[in-house]
Amino acid sequence: MTRHSRREALKTLAGLSAYGALTISGKATAADATPPYKDPGLPVAARVKDLLGRMTLEEKVAQLVALWSTKKDVLGEGSNDFSPARATHAYPHGFGGVTRPSDRKGAPEIPGTRWRTPADTIRFVNDVQRWAVHETRLGIPVLFHEESLHGYMATESTMFPMAIAMAGSFDPELVRRVNTVIARETRAHGSHLVLSPVVDIARDARWGRIEETFGEDPYLCGEMGVAAVTGLQGEGHGPLAPGHVFATLKHMTGHGEPQAGENAGPAFIPERELRDSFLPPFRAVVARTGIAAVMPSYNEVDGVPSHVNRWLIGTVLRGEWKFDGAILSDYNAVEQLVTLHHVARDDDEAAIHALETGVDCEFPDGATYRGLVRLVRAGRVPESAVDTACARMLALKFRAGLFEQPFADAAQAARITANDEARALALEAARRTLCLLVNDGTLPLAAGAHKRVAVIGPNAAVARLGGYSGRPKHAVSLLDGVKARLAGHAEVVFAQGVHITQSEEREVDDVRLGDPVRNRALIAEAVEVARGADVIVLALGDTEQTSREAYAGNHLGDRANLDLVGDQNALLDALHAVGKPLVVLAINGRPPSYPNVAAKANALLECWYPGQEGGTAMAEALFGDVNPGAKLPVTVARDVAQVPLYYYAHPTPRLDAAPGDDAPLFPFGFGLSYTTFALSAPRLSAGRIRAGAGVVVEVDVRNTGTRAGDEVVQVYVRDRLASVVRPAKLLRGFARVGLAAGETRTVRIALEAPAFTLWNLAMKEVVEPGYFDILTGPDSRDLQAAALEIIA
Amino acid sequence: VLHRITRFALLAAACAAFPADAADDSARSAPMSTGEITALLAFGPPRPLVPGTLPAPIALAATWDRALVHGVYVAAGRSLAAQKVTAVLGPSLEVARDPRRGHPEASFGEDSYLVGEMGVAAVGGLQSPDVGHRILAIATGYAGPPLPRGGAGTAPMSERELRTVFLAPYEQAIARAGLSAVAPSRNEMGGVPSHANHWLLTDVLRGEMHFTGGVIAEPEGISDLVDVYRIAANADDAARLARAAGVGVPTLPAGEVVRPDVPEALALRAAMRAVTLLKNDGVLPLAGNGGTRPRIALAEVGSAGAMANAIRDAAGERAQIVAPGEADRLVVIFGPGGTAEARRAAEQAAGGHPVIAVFAGERPGVAPALAQHASAVIAAWALGPLGPRAVAAVLFGDANPGGKLPVTIARSVGQLPRFHDAKPSAGRGYLFESNAPLFPFGWGLSYTTFEVGPPRLSAAQIDAAGNLTVSVDVRNTGTRAGDETIQLYVRQKASSITRAVQQLAGFERVTLAPGEARTVALPLAATALRLWDISMRRVVEPGEYEVMTGPDSAHLQSAALTVTAGGKP
């Protein structure tokens, strides 16, 4: 930032009438004519160096910790308001960050009230910043962070479709645009850092966090990760532009294939498989964006928990990939080195190991890093390790422009949050994430063709948003959407069908399935409603309770069974027996391993958690206003006995296998449309290339049906013969295209050298000359091939 | 040169290399050279080692009886030698941590130490001088997770876990039983099939384990490199890759199966010692409980072989075998191939009377609901032709069961893999169902009761070269003679690398008369505490350990052990 832009920033500040008294020129400035670190004209590295040189050990360590439940020490007695006096008393050397300013953690509990209002959040943030800037010795502003997986996770913000749904759009530009809005809404509320995106490949559907991921494919996760980070941060490595926030890439690595599907379980993944499958999304983001932060995973890989994995963080991330941002601990993960992994005897050892590994900041509370002052003084860890970590955290603050403008403006936040543009984008995203899995021609329905439409099911009348959701100002359920769509055309009747769980409170620890006796009565009611209707629209799936992050032993979220939970199959069977057209909408974050539904429904639309405008989009899809065009970002198992099941598993001999035993219910990349497409065989720009060169793949796609629709052309590469075992195919490119009825287009997808590399026996990344099959098609199963020869 | 040597000369050479009167350990532990192996194989391809009249390996592991297993394999070896068999593909030393992989009945279970102990007993038995002529035992499954069965997904395997769990049994059989040959597993790890894995077959096997025996390809192991793994263009390429990796003897077609035939008394004894009583509310034994003569109905689910007849025979005058409607006890025999419908029918036939569930087959497929409502549950494994007699003897109390589970029985297929020596971060739990094992590893009941005391350590502190004795008092507090197996587990409280929550490090099965007390002394060397550190060196770390003992893996008492710095293991 130039001096000129600093003046602009000050002018902006002066315009904040609510905080008219604010000024950025603190005591330090008065005493010392603009110390270099306060000079926005200097490079970040110079400012960091200058500031670090002025800091005491206590001040440096303070920059490595954040406040969460410890917020109570800086709030007024019995109050929700920040108290500068108490802050100065509790934190005479300041503190580096605040965890989730939008929640009331640390404030007196009010049952049912988890959140601050937006205005209250902004007041809190500004109060903290004013204190930090004016009342701490060096005036270092505070870094606030929030969750923002699929929307700024607070109240009144816009909630978009869940990450796994966004992946199914196969539309990185959409992911970028959505994350731009998420960034804008988060930043407006005073936070400059978010803990997203998740680029873990997910290979076990028992794992409740699967909904937070972009699915199972390394390439797709990488493309979506790049798009999300670009949306959140903007382009490049430079200063954070207005309206953007720093992203945190998580969780590195091995999180997505925990033993037995239980969250944070160990992963026994060899190095080549890490490099082939788990690391590429992280690597792509580090290489192609200015990603600010990376979060190690909770789990261990081959005996080494990620927060002390020097190979992962030191050799690979910082060494090979030259990552220069900050490493932020996952919540309580440093303490878990003692309590879960038993690789440290106490918090002190844990802090030393994590810091020396390269974890720069401890979230959410800095429980162990608070001891670092003592540990440095005792000679147990060098001060230089603290300096390194502190420098990285300060660099974030300088890049974020916090020293120039740390405050938020409530009026502006209200103006830009969940505005018409954001809502329209949420609706567009929902439309583009619906995935049609089964259709015998029943869909689309014609509005008015059925005089009475029964909307039934536990997910019909509630807008399910999934985990890591805030409370948007409004959200549209399927029932709302269908009623609105059919107003004046047909009668809509509703039945609950079953209750999946006994409560709808998202955060409840102890999840109880709906009462079977009550559910039997509800099923009988639903059957009556269905009998009187002309078509049945049934909304099934999961809830925010039945599949979620199992963050503790008393807050479980993983499942040993992948089929519909509770009495939902009984409801489906009863409605199927009624004999009316039956359309099922799956609303969930876990892949629909619902063989009974797939066999009995006339149509099955996978909607995932479609965001706050989902009800409108689902209704539009039911009645053909929108033509579903998303594809599955995961392989859907028929049976839990098949997991881990993913399309690019290495080939293996099998014992006692009948043909098709390992076939999924739905393959990766699969999704239907209301129209039909014809895809040509692939044409290559060259049949023979040199190692290191690329090739362009062309596919003609023709809409052979009578409506406009989208197809996702997918390009897979198969190495026919290699020095190490390769999967039967790997996704290396895709393009979603919209075609009018009868329209033909030629899709060109460029494959660059990395599409052909492998990690050889010497663990070098190479392209091995030889023959490759370039496979293209509308999903991972129905593919046509062209041969490519790569020569040395 | 082989064609110039007569078969007789070869046999003579082989026998000369192994004098029949050599019974000392040093002769026993001398493995064959590749030349000898080639010579022996000239007599015919290796025969798959099948149980024959014996209980399957999983059942033998359930005996937790090293001497018995050794004796059984000596007898098997004699029988094979008498049938002119010179080489067998087996035993498998694979570690069966997931019943969706491998042939569960052919393994010695889920625990690396137990597989190692049983492997040493089996290999030592087969290759024993007592066998008569030399038999080449080819330990199969080297190494890593066995192949998936049916539609199960593939399982990745990392180096430290591979070393800690899967390699250890082979190392034991090489070091302690003079294992003559290994056959690589047909899986791949990290993109490298075992048949082409130089690191596995040469660097580790020869370099680290000092193996001097033969590496013999599995019948399809080399063709897999072309047909499945696509790392070789053709058969010649595949053979070259395999040879370069360390396969010494190329693919041989598996010979016809030959069934070892062992003395009936031994086979019956082995079967009786393998029967594992998983649950008993007092309904068993069926006879001898107060003189009433029970009316027993029998039901079969799946193919249960001769079990029903054996039970009829054993009943004699002690019980009436009646139709289900007239019975006051129902014995349901679950064999391979039983359908869910048959199960339900059998359970309904009980009509409210006690159900005794007997599971014959590779792994007891007990469902949680059955475990809950059955009065008694017996794991009868794959016990061989004498199994039915053994089970009948147990049912009527002629034998007192003393087997212990060599595997964890999970509650459902969706909870796999589940094994006792898991990392502390495993097993957080599932919604809607407990993830606790239905029956834990090492579990098994008796018709008598035992009181097992806490562990007493001969030293509370040792160094890395040290060892100690762990003493456990065990008393038969019931009124019948019976067997208890005292199991010893260790755990490091905090370590540089994560470690299992418990690791089996010793066991001893003892027989006690009613009222008899005995002190079981289990040796524990510091080497049993080793881990593969961050630099992949095997070290004993100084620090605090727990030494845990008890009658199964879920009911343990603990004593503290400190390992001090110093001492070279």
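Thresholds applied
Residues numbered from 1 in each chain as written. Chains lettered and ligands numbered in written order. Predicted model: local features only at pLDDT ≥ 70, side-chain atom pairs only at ≥ 80, totals over all residues. Heavy atoms only, no water. Helix = DSSP H or I, 4+ residues; strand = E, 2+ residues; numbered from the N terminus. Buried < 20%, exposed > 50% of the residue type's maximum accessible area, 1.4 Å probe, protein only. Contact = heavy atoms within 4.5 Å. Areas by Shrake-Rupley, 256 points an atom, 1.4 Å probe, with all protein chains shown as cover. Lys, Arg positive; Asp, Glu negative; His and termini not counted. Charge placed at Lys NZ, Arg CZ, Asp CG, Glu CD. Rg over C-alpha atoms; globule rule 2.2 N^0.38 Å. 1 Å grid on protein atoms, 1.4 Å probe; cavity = no way out; pocket = protein on both sides within 12 Å on 5 of 7 lines; lining within 4 Å. Points joined across faces, edges and corners; volume = space filled by probe spheres on them. Nonpolar A, V, L, I, M, F, W, Y, C, P; charged D, E, K, R; others polar. Pairing = 2+ DSSP bridges. Arc of directions from axis to C-beta. Polar contact = N/O pair within 3.5 Å; in protein donor to acceptor, adjacent residues only side chain to side chain. Salt bridge = Lys/Arg side-chain N within 4 Å of Asp/Glu carboxyl O. Axes fitted to C-alpha atoms, helices over the stretch in contact; angles between N-to-C directions. pLDDT = per-residue confidence, 0-100.

## Thoughts on the overall build of chain A
What chain A contains, in helices and strands, is 23 helices and 26 strands. Looking at the 792 residues of chain A, the share that counts as buried comes to 65%. Pairs at least 24 residues apart make up 77% of the contacts formed inside chain A by residues separated by at least 6 positions. Surface accessibility of chain A: about 25,600 Å² in total, with carbon and sulfur atoms responsible for 52%. Counting 83 positive and 94 negative side-chain charges, chain A places the averaged centre of each group 4 Å from the other.

## Quick word on the overall build of chain B
Within chain B, the regular secondary structure consists of 15 helices and 24 strands. Against the 2.2 N^0.38 benchmark of 25 Å for 569 residues, chain B shows a C-alpha radius of gyration of 24 Å, consistent with a compact globule. Seen through its C-alpha atoms, chain B measures out along the principal axes to roughly 75 × 55 × 50 Å. The buried share of chain B, taken over its 569 residues, is 60%. For chain B, the accessible area works out to roughly 20,000 Å², and carbon and sulfur atoms hold 53% of it. A gap of 1 Å separates the mean positions of the 50 positive and 51 negative side-chain charges of chain B.

## Some points on empty space enclosed by the protein
One water molecule sets the probe size; rolling that probe over the atoms shows where empty space is left. Counted under the stated rule, the structure contains 14 cavities of 30 Å³ or more. Of the pockets and cavities examined, the largest cavity occupies roughly 380 Å³. Taken together, 27 residues form the lining of the largest cavity, with Gln259 and Phe268 of chain A together with Ala155, Pro156 and Pro417 of chain B sitting closest to its centre. Here the lining of the largest cavity is composed, by residue class, of 17 nonpolar, two polar and eight charged. In this structure, the second largest cavity spans a volume of roughly 240 Å³. What lines the second largest cavity is a set of 23 residues, among which His650 of chain A together with Thr154, Ala155, Pro156 and Glu188 of chain B lie closest to the centre. Considered class by class, the residues forming the lining of the second largest cavity number 14 nonpolar, six polar and three charged.

## Describing the sheet that holds strand S9 (residues 326-327) of chain A
Residues and elements named next belong to chain A. Spatial strand order, S5-S6-S9: three strands in an open sheet with parallel pairing. Among the strands making up the open sheet, the edge pair consists of strand S5 (248-252) and S9. Bridge count between S5 and strand S6 (residues 293-296): four bridges; the pairing is parallel. By the bridge assignment, lysine 250 is partnered in S6 with methionine 295.

## Quick look at helix H19 (residues 478-486) of chain A
Residues and elements named next belong to chain A. Of all the positions in H19, only Leu478, Leu479, Gly481, Val482 and Leu486 are classed as buried. Each buried residue of H19 lies within a common arc of 160° when the element is viewed along its axis, so the set occupies one face. Contacts from the buried residues of H19 go to strand S11 (452-456), strand S12 (491-495), strand S13 (535-541), strand S14 (582-587) and helix H23 (614-622). Looking one or two residues past H19, glycine 488 carries a phi angle of roughly 85°, positive in sign.

## Examining the side chain of aspartate 302 of chain A
One can find aspartate 302 of chain A in the loop between strand S7 (300-301) and strand S8 (304-305). Polar side-chain contacts of aspartate 302 of chain A include one of 3.4 Å to the backbone nitrogen of glutamate 159 of chain B. Within polar-contact distance, the side chain of aspartate 302 of chain A engages the backbone nitrogen of glutamate 161 of chain B at 2.9 Å. For aspartate 302 of chain A, the contacting residues outside a window of four places in its chain are Ala267 and Phe268 of chain A together with Ser158, Glu159, Arg160 and Glu161 of chain B.

## What about the pattern of salt bridges?
Evaluation of the coordinates by the stated rule reveals 84 salt bridges over all chains. Two residues, glutamate 147 of chain A and lysine 250 of chain A, come together in a salt bridge whose shortest N-O distance is 3.4 Å. Here glutamate 147 of chain A is found in the loop between strand S3 (143-146) and helix H7 (163-168), whereas its partner lysine 250 of chain A is found in strand S5, with 103 residues between them in sequence. Accessibility classification places glutamate 147 of chain A together with lysine 250 of chain A in one group, the buried group. In this structure, glutamate 546 of chain B engages arginine 491 of chain B in a salt bridge whose closest nitrogen and oxygen atoms are separated by 2.9 Å.

## What about the side chain of serine 297 of chain A?
All names here are of chain A. As for its placement among the helices and strands, serine 297 is situated in the loop between S6 and S7. There is a polar contact of 2.7 Å between the side chain of serine 297 and the side chain of serine 306. Once you skip the residues sitting within four places of it in the chain, serine 297 turns out to touch His251, Met252, Thr253, His255, Ser306 and His307.

## Let's talk about the sheet that holds strand S15 (residues 603-606) of chain A
Residues and elements named next belong to chain A. Strand order in the open sheet formed by six strands is S10-S15-S14-S13-S11-S12, with mixed pairing between adjacent strands. Where the open sheet ends on each side, the last strands, each with one partner, are strand S10 (435-439) and S12. On average, adjacent strands in this sheet sit at an angle of 20° to one another, irrespective of strand direction. Across four bridges, the pairing between S11 and S13 is parallel. Directly across from valine 453, in S13, lies its bridge partner valine 535.

## As for helix H10 (residues 235-245) of chain B
Residues and elements named next belong to chain B. For H10, the full list of buried residues reads Ala238, Ala239, Ala242 and Ala245. Angularly, the buried residues of H10 cover 130° about the axis, an arc narrow enough to put them on a single face. Exposed and facing more than 90 degrees away from the buried side of H10 are Asp236, Arg243 and Ala244. Two or three places before aspartate 236, at the start of H10, stands the capping residue asparagine 234, its side-chain oxygen 3.2 Å from that residue's backbone nitrogen. Two residues or fewer past H10, glycine 246 is found with a positive phi of approximately 130°.

## Quick word on the confidence of the model for chain B
Residues and elements named next belong to chain B. Of the residues in chain B, 91% have a pLDDT of 70 or more, and the chain-wide mean is 90. Confidence over residues 1-29 falls short of pLDDT 50; this stretch has 27 contacts with residues more than four positions distant or in other chains. We note a pTM of 0.95 for the whole complex and an ipTM of 0.94 for its interfaces.

## Observations regarding unusual backbone geometry
In this chain, phenylalanine 363 of chain A is followed by proline 364 of chain A through a cis amide linkage whose omega measures 0°. Take proline 364 of chain A: it is sitting in the loop between helix H14 (347-357) and helix H15 (372-377). Even without being glycine, tyrosine 468 of chain A reaches a positive phi, approximately 50°. Position of tyrosine 468 of chain A among the secondary structure elements: in the loop between S11 and H19. Non-glycine residue tryptophan 64 of chain B carries a positive phi angle of around 50°. Looking at where tryptophan 64 of chain B falls in the secondary structure, it is placed in the loop between helix H4 (57-63) and helix H5 (66-82).

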